[in-house]
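Listed below are the residues making up each chain.
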Amino acid sequence: MKLWENYKITGINVLKPRAYFIPFTELEKAKTYEKGLSIGYKLLNGVWKFMFIESPEYSPNNFWTEEFDDTNWDEIIVPSPWETQGYDKPYYTDFLYLFPINPPYVPTKNPCGIYRRRFNIDKSWLEKRIILRFHGVSSAFSVWLNGKEVGYSKGSRLTSEFDISHVVRENDNLIVVRVYKWSDSSYLEDQDMWKLGGITRDVELIVEPEDGIYDYFVIPYLDEDYSKGSLNLKIEFNKILEDYKLKTILMDEEEIIISENIYEFSKNNSLELTIGNLKIKKWSDEEPYLYDLFIVLEKDEKVIEVIPQKVGFRKIEIKGNTFTLNGKKIKLKGINRHEFHPKLGYYTPKEVVEKDIKILKQHNFNAIRTSHYPNSPYFYDLCDKYGIYVIAECDLETHGFEIINKYNFISNNPEWRLSFENRIERTVQRDKNHPSIIMWSLGNESSFGDNFIYAAQKIKSIDKSRLIHYEGDKDAKIVDIYSTMYTWIEPENSNRSLKEIIENTKKPYILCEYAHAMGTGPGGLKEYEEFMENYDNFQGAFIWEYCDHGLLIKNNENFIFGGDFPEDSNFCIDGLLFPDRSIKPGLLEAKNVFSPIKIKPKALNKGEFIVKNLYYFSDLSNITLSVEIFSLNKILFNKTINSLNIDPQEEKTIVIDDIPQILKNYNEEIFINFVFQLKENTIWAHKGHVISYYQFKLKENNNTKRKIMTPKDYSMEENEQYITIKGEDFNIKFDKVNAKLTDGYKNSFKLLYKGPFFNLWRAPIDNDRNIVKDYIEKYRLPFLQERIDKVNITPHKSFVEVYVTATYGTLNSSWLYILEYKYLIIPDGNIYIKIKGNTEGDKHLAPTMLPKIGFKWYLDKNLEKVLWYGRGPEINYPDMKESSIIGIYEKNINDLIIKYIKPQDAGNREECRFVSLTNELGFGLFAGSKTPFSFSAYYYEDEDLQKTKYFHELQKRNYIVFNTDYKQNALGSNSCGQNQLKKYRCIFENFEFSILISLFNKYEISEKSKYLNDVLIENEC
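Remember, predicted model here, so these are calculated numbers, not experimental data.

Each value, and the rule that gives it
Residues numbered from 1 in each chain as written. Predicted model: local features only at pLDDT ≥ 70, side-chain atom pairs only at ≥ 80, totals over all residues. Heavy atoms only, no water. Pairing = 2+ DSSP bridges. Helix = DSSP H or I, 4+ residues; strand = E, 2+ residues; numbered from the N terminus. Axes fitted to C-alpha atoms, helices over the stretch in contact; angles between N-to-C directions. Left-handed = near helix turned anticlockwise from the far one by under 90°. Contact = heavy atoms within 4.5 Å. Nonpolar A, V, L, I, M, F, W, Y, C, P; charged D, E, K, R; others polar. Core = buried A, V, L, I, M, F, W, Y, C linked by side-chain atoms within 4.5 Å. Buried < 20%, exposed > 50% of the residue type's maximum accessible area, 1.4 Å probe, protein only. Expected span 1.5 Å × (residues − 1). Phe/Tyr/Trp six-rings, centres within 6.5 Å; stacked < 30°, edge-to-face > 60°. Lys NZ or Arg CZ within 6 Å of the ring centre and 35° of its normal.

Points about the sheet that holds strand β32 (residues 538-544)
- Ordered by their spatial adjacency, eight strands build an open sheet running β29-β28-β27-β26-β25-β32-β31-β30, and the pairing between neighbours is parallel. Looking along the sheet, the strands with just one partner apiece sit at the ends: β29 (467-469) and β30 (482-485). Each strand of the sheet is rotated relative to its neighbour by a mean of 25 degrees, with strand direction disregarded.
- Relative to β32, strand β31 (residues 509-514) is paired through four bridges, and the arrangement is parallel. Of the residues in β32, the one forming a bridge with Leu 511 is Ala 541.

Quick notes on the packing of helix α4 (residues 417-431) against helix α5 (residues 450-462)
- For the pair α4 and α5, interaxial distance at closest approach is 9 Å and the crossing angle is 30 degrees. For the element pair α4 and α5, the recorded crossing hand is right-handed. Taken together, the residues of α5 that come into contact with α4 (itself represented by Arg 417, Phe 420, Glu 421, Ile 424, Glu 425, Val 428 and Gln 429) are Asn 451, Phe 452, Tyr 454, Ala 455, Lys 458, Ile 459 and Ile 462.
- Each residue belonging to the contact of α4 with α5 can be placed in one class, and the counts come to eight nonpolar, two polar and four charged.

Let's talk about the nonpolar core
- Formed by 157 residues in total, the largest nonpolar core has its most connected members in Leu 442, Phe 538, Ile 543, Phe 609, Ile 629, Ile 672 and Phe 676.
- When residues of this core are assigned to their parent elements, the largest contribution, six residues, is made by helix α3 (residues 377-386).
- In terms of nonpolar packing, the next biggest core, distinct from the first, is built from 62 residues, Val 804, Ile 885, Ala 927 and Phe 991 among them.

Here we look at helix α2 (residues 350-362)
- With 13 residues, α2 should reach 18 Å at 1.5 Å per residue; the first-to-last C-alpha distance of 18 Å fits that figure.
- Buried residues of α2: Val 352, Val 353, Asp 356, Ile 357, Ile 359, Leu 360 and Lys 361, and no others.
- The inward-facing, buried residues of α2 abut β25 (332-336), β26 (367-369), α3 and α8 (585-593).
- Two residues or fewer after α2 comes Asn 364, characterised by a positive phi angle close to 70 degrees.

A look at unusual backbone geometry
- The omega torsion of the bond from Trp 544 to Glu 545 falls at -5 degrees, within 30 degrees of zero and hence cis.
- Inspection of the secondary structure assignment puts Glu 545 in the loop between β32 and α8.
- Cis rather than trans, the peptide bond between Gly 755 and Pro 756 has omega equal to 0 degrees.
- With a phi close to 60 degrees, Tyr 226 is a non-glycine residue in the positive phi region.
- For Tyr 226, a relative accessible area of 14% translates into the label buried.

Some thoughts on the packing of aromatic side chains
- Under the criterion given, the structure shown has 72 aromatic pairs.
- Geometrically, the ring pair formed by Phe 50 and Tyr 87 is edge-to-face, given 4.9 Å between the ring centres and 65 degrees between the ring planes. Within this pair, whereas Phe 50 is found in strand β3 (residues 46-53), its partner Tyr 87 is found in the loop between β4 (74-78) and β5 (91-93), the two being separated by 37 residues in sequence.
- Look at Phe 50 and you get buried, because its relative accessible area is 1%.
- We classify Tyr 87 as buried; its relative accessible area is 15%.
- For the ring pair Phe 99 and Trp 182, a centre distance of 5.3 Å and an interplane angle of 65 degrees mean the geometry is edge-to-face. On the criterion of sequence distance, the pair formed by Phe 99 in the loop between β5 and β6 (112-119) and Trp 182 in the loop between β12 (173-180) and β13 (193-195) is long-range, its members being 83 residues apart. Considered together, Phe 99 and Trp 182 belong to a single accessibility category, that of buried residues.
- Here the guanidinium or amino end of Arg 417 rests over the ring plane of Tyr 454, the centre of that ring lying 3.5 Å away.

Structure below.
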C-alpha cells in the first residue's frame, strides 16, 4: 500500500497534538505577543523552488538530498495552492469526489508538488528544541531536512509539528517537502469548495527550552451568580522536571496584576492548579474583556520560559432546552465562513481575517461556524479580541458517499475510527484555550456512525466545558445542540417545518446553514429572524456563506468559478460578499434584520414608539438615536436622542412630541426615519457607525386638488401603420400594428425608442435554479406571444386617446392574459397609461409563480443619470427590503445593476413613486404613478444576462432596457434553501396598473414638481 493511501497511519514522527503557543524568555517581551521577540521564531513563508509532476512516482531520483541540483526548477510562493500559480487545473465540486470511490485508494495520476528551500538559524537555537510546524498542507506530505527524512502527515487544515532538533544546523539548512494532492485523507475532506493542492498555510520554526512546557489548558469558570471567576490550569512538560518553580500572573487590560501565584514542584511531568475567587469582568461577544495570563517556568531563580495567554472568563451551560452564556440565553446571529482568498486560495492572511471579522461585527453578526475545518490560529485570537462566538468545526466531510447510497460507509467503519479520533483531537487540542469557542463541531455532512460517537467521547475526555455540535446526528444521541440545515418555514412536501422542529426538540436548536446567499438575495431573512426572537430554544442561525469563492488564476484579472461539472457550476459563488470582500446588498439586508436594537410604533398619531434593547449584556449608553421626519419636498423635523437608558433585554417607550402637529399641518405623504449609531469609537467601528435604521409611514398623501388641463395645440398625422402626434417641442409615434409608443422626441432629442412591452420574464437568479427549467421548458415564459385584438384612436381637444386590447400567451400554452390599455397622449409630453390585466384560459395550467408582471421600454443609451423616489439606494425585492427605505436616490445607470460574477436579474427597486432617466443636458424620460411600482434599468436584454457565463463577458446594447413593473417575484434562497414565501410571490392574477410616461427636461421642471403636479394631482381628460 502506498504511504499516501495508508489510512491506518495518521502521521509519522508527528508530535502529539497540543495548544498553539509561542514561548518567551522575559515577561516584558511576552506581554507584546510578538513572535519575533520569542525564544526563537522563523517564518518559512516566501519563495520556494518547485517542481510539479502528475504523480509522485515521477519524482526525480534523490530529490530530497542536498546534492540534488534544483537550479532550473520553477519558483512558487508559499503559502498558496499551486493551482492559483498556474500549475494543474483548479476544480470545484459541491460534494462529488474527483476520483472513483474506492477507499482508501486514489488515482495513480495524483498531482504532486515538490518544494525545496534553504534557511539559516541563530546559533543559540541549537541548544534548545526546534519545532517545524505546518499549519496546512493539502492533502498529505512528506518532509526531509538536510537529506534526512523527518516525517509524514496529513489533514489539509490541521496543524502538524515535527521535532527537528536532531537534524537542524546553524547555516544552510535544506527543507524538502513533497505534497500529494490526493490521499486516503481526501476521502475525509469532501467539503463544498475548490479542490486545491500544495502548502496552503504558514510554515514556522519555533524554539522551545528542552525542559519547558509542552502543553497547557486554561479552563475558566464562573461561580453560581456569575460574579467571580476562577481558572483551572493543566500543564504538561516536555519531560519530568525536578525542583522547578511555576509562577502564574494574571493581568487585566490595564496591566494591573489581579492574581499572582507561585507553585514549587519536584519530579513532575504535569501540574494541575486552580487560580480562584477572582473579581473579574466577563467575556461575551458584546463585551469581550480579555485578561493576560503569564505562565512563568523558573529553575534556580532563572526564567526558563514565559508563555502568554489571553483569557476570557465565561461560562457555558445547558438549562433545559436552552444553552446559556454567563447565565443568559443568547442568540447566535451567524455566518458560515470558509478560509478563502481569491489569489491565495486556502490561505487567508491575518489582515484579511481581521477585516472579515470587523465587517461581520459592523453588520451585526456575532457568530461564525468555521465551515468545515479549523481555521488558522490567528483567526481565533481575533474572535477572542473582537467578540465572536465560534462553532469550531473539525476537518471532516464525506458527502460524496451519499450519492452512492453508502453515506455512513466511513463514519460507521471501525477501520476508520483512528482517523476520526485523530482529527477531532488535533482540532480541540490546538484551539482549546480560546474563549470565543463555545462549541466543538464534529464535522459536516458525513452521515452518522460509531466513529462520531468515539469522536464525541474524545472531545469530552479533553474538554467538558463546551458544547458538542454535529448536524448529522439526526437523533441527537451525542450532541448537546440539535441542528438542521436549510429547514423551510413553509415546506412543500412531507419534511418538517421549522416551527415543528423548534417546538418538538428537547435540546437547544440552531440552523447551522440557511439562507443560501447565492447571487441576488437571499430573501426571507426577516421571517427566520422572527422565529428566532419568538422561541427561546431557537438559539442560532448561520447564513451560507460569507464570501464568494471566485478564483483569480495567474495572469487573469477576472474571477472564475467551477463549471466543469454542470451540477456544481457557479455553486461556489454563494456569499454575502464578493471574493475581494466588497459588499453585496444581501449583507446590508442581514445587518438590518440582525439589528440588536428594534423599534416599532406604539401609537403613530401620538408619536409613541417602543425601543427594545436586544443586547444580552450591554445597555444602550453608547448609542444615539437620530430621528428625521420628511416629505418629498423637505425635512419637517429632526432630532438626536443621546441618552436611551435601556438595560439589556428591556424596552422603553419614546415620544416624538411634534408628530401630532406635523400630521395636522401637512397633507402629503410623510415618513419618519430612525437611525441608531455608535456614540463613541469601538475596536470594530468608529463613532457614528450606523447600527441599524428603520422607517415608518406617518401619513398617506391626502392632496385632493384637481388639475384643469390647459388646451394645447397639437397636430396628428395618421397612415395605415402609425399615428404621429406633435406638440411644442414634443412628438411621438404610435405603432397601430403592434400597439406601441415609438420614436419619442423632446426638443429633437430622441429619448423613447419603443414600449411598453408586456413582460412576465426576468433573467433567472441563482435562487431560481430549481424552477428555471420548468419556467423555460414547461411554461416557456421567456417566449411570450402577443396578439393585438383592437386599436381605437380618438382625438380630443387637448389630447389623443388610444384604446387597445391584446391577448398574451406563451408557446403552446392555454393560460392567457387579456390586457386593456388606455393611453392619453398629451401634447405637452405627458402620456398617461392605464392598464387592466385579466387572466383567462386554462388557469389551472398556469405556473404557481411568475418571475414578474411588468412592462419593458427601450430608451436612448445616453439617459445615464437615474433618479428615483422609492426604496434604495441598493437593490431590493419583495422579500429583501429591510435594509432599503423610501427616499430620493441618484445613480449612474451602470451602477444600478449589481455585477454578480454570474449575470442575473439584479437591478430591481421596489415601491417607487417616480423614476427619471436623463442625459447630461437634462433631457429624459420620467415615469411616475400614484400606486408604487418596481423599476430596473440597464444596457442588457434579459437573454444577455441569462446566457452569458460571466458578467465581465457581457456586451452592452446600444439602448437602455427600462422596466416598470407592477409586481416582482420574491427571491427566497432556493438554490439550497427556502423558496419564495407565499406572501411575497408574484402569481398569475388579475391586476391594474397606471403610469405616467413623460418626455421632459429636468431644468424646466424638476422630478419632484412633475410628480406632485402631473401624477398625484388628478387630471381632467
